[in-house]
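# Descriptive analysis of the structure
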Amino acid sequence: PCPPMQPSCDLSPASSWGASPVDGETAFRRWQSLSDNEERNGPVPGLRALLDDAGLSSYTAAVEAWCGRAGAAFLAEVGEELDGACGEAGIPEAKRDALR
């Protein structure tokens, strides 16, 4: 039912959140803010430092995006899927040895 004083309303989930649905895409919400440590280190502790030390810091955003899609939260998980992560991030094969 519509609230009083509003002759019509749309109670669909999309309108109640002010967003339109996108077919085939799952939305996620984060209910906590990032800690100072997470702000500095990113979603995978040590990843930014590793990329920086290897001279690959320009790929940080792309690798972190891959981590989010793949659910990788630890360096060991990134290492297990290094070729896939690097491939999706666009890191050339010749530069990947610096991460091994």
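Just so you know, these numbers come straight off a predicted model, no measurement behind them. (Residues numbered from 1 in each chain as written. Predicted model: local features only at pLDDT ≥ 70, side-chain atom pairs only at ≥ 80, totals over all residues. Heavy atoms only, no water.)

## Focus on the side chain of Thr60
Looking at where Thr60 falls in the secondary structure, it is placed in helix H4 (residues 60–70). The residues touching Thr60, leaving out its near neighbours within four places in the chain, are Arg48 and Leu51. (Helix = DSSP H or I, 4+ residues; strand = E, 2+ residues; numbered from the N terminus. Contact = heavy atoms within 4.5 Å.)

## Observations regarding the confidence of the model for the protein
Looking at the protein as a whole, the pLDDT averages 77, with 60% of positions reaching at least 70. Across residues 6–20 the pLDDT falls below 50, and counting only partners more than four positions away or on other chains, this stretch makes 9 contacts in the model. (pLDDT = per-residue confidence, 0-100.)

## Section: the pattern of salt bridges
Following the criterion strictly, the structure yields 5 salt bridges and no others. Between Asp83 and Arg96 there is a salt bridge, with the nearest N and O atoms lying 3.9 Å from each other. Of this pair, Asp83 sits in helix H6 (residues 82–89) while Arg96 sits in helix H7 (residues 93–96), and the two are 13 residues apart along the sequence. (Salt bridge = Lys/Arg side-chain N within 4 Å of Asp/Glu carboxyl O.)

## Looking at H4
Those residues of H4 that fall on the buried side of the exposure criterion are Thr60, Val63, Glu64, Trp66 and Cys67. Axial view of H4: buried residues confined to an arc of 155°, hence all on one face. Exposed side of H4, more than 90 degrees from the buried face: Ala61, Gly68 and Arg69 are the residues found there. Positive phi shows up at Gly71, right after H4, with a value of about 80°. (Buried < 20%, exposed > 50% of the residue type's maximum accessible area, 1.4 Å probe, protein only. Arc of directions from axis to C-beta.)

## Brief notes about the nonpolar core
With 16 residues, the main nonpolar core has Val63, Cys67, Ile91 and Leu99 as its most contacted residues. If you list the elements that add at least two residues to this core, you get helix H3 (47–53), H4 and H6. Ranked by the residues each element gives to this core, the list is headed by H6, at 4 residues. Look past the residues within four positions of Val63 in its chain and what remains in contact with it is Leu47, Leu51, Ala89 and Ile91. (Core = buried A, V, L, I, M, F, W, Y, C linked by side-chain atoms within 4.5 Å.)

## Structural notes on the side chain of Arg96
Residue Arg96 is classed as buried on the basis of its relative accessible area, which comes to 11%. At 3.0 Å, the side chain of Arg96 and the backbone oxygen of Ile91 are in polar contact. Arg96 has contacts with Leu82, Asp83, Cys86, Gly87 and Ile91, leaving out every residue within four places of it along the chain. (Polar contact = N/O pair within 3.5 Å; in protein donor to acceptor, adjacent residues only side chain to side chain.)

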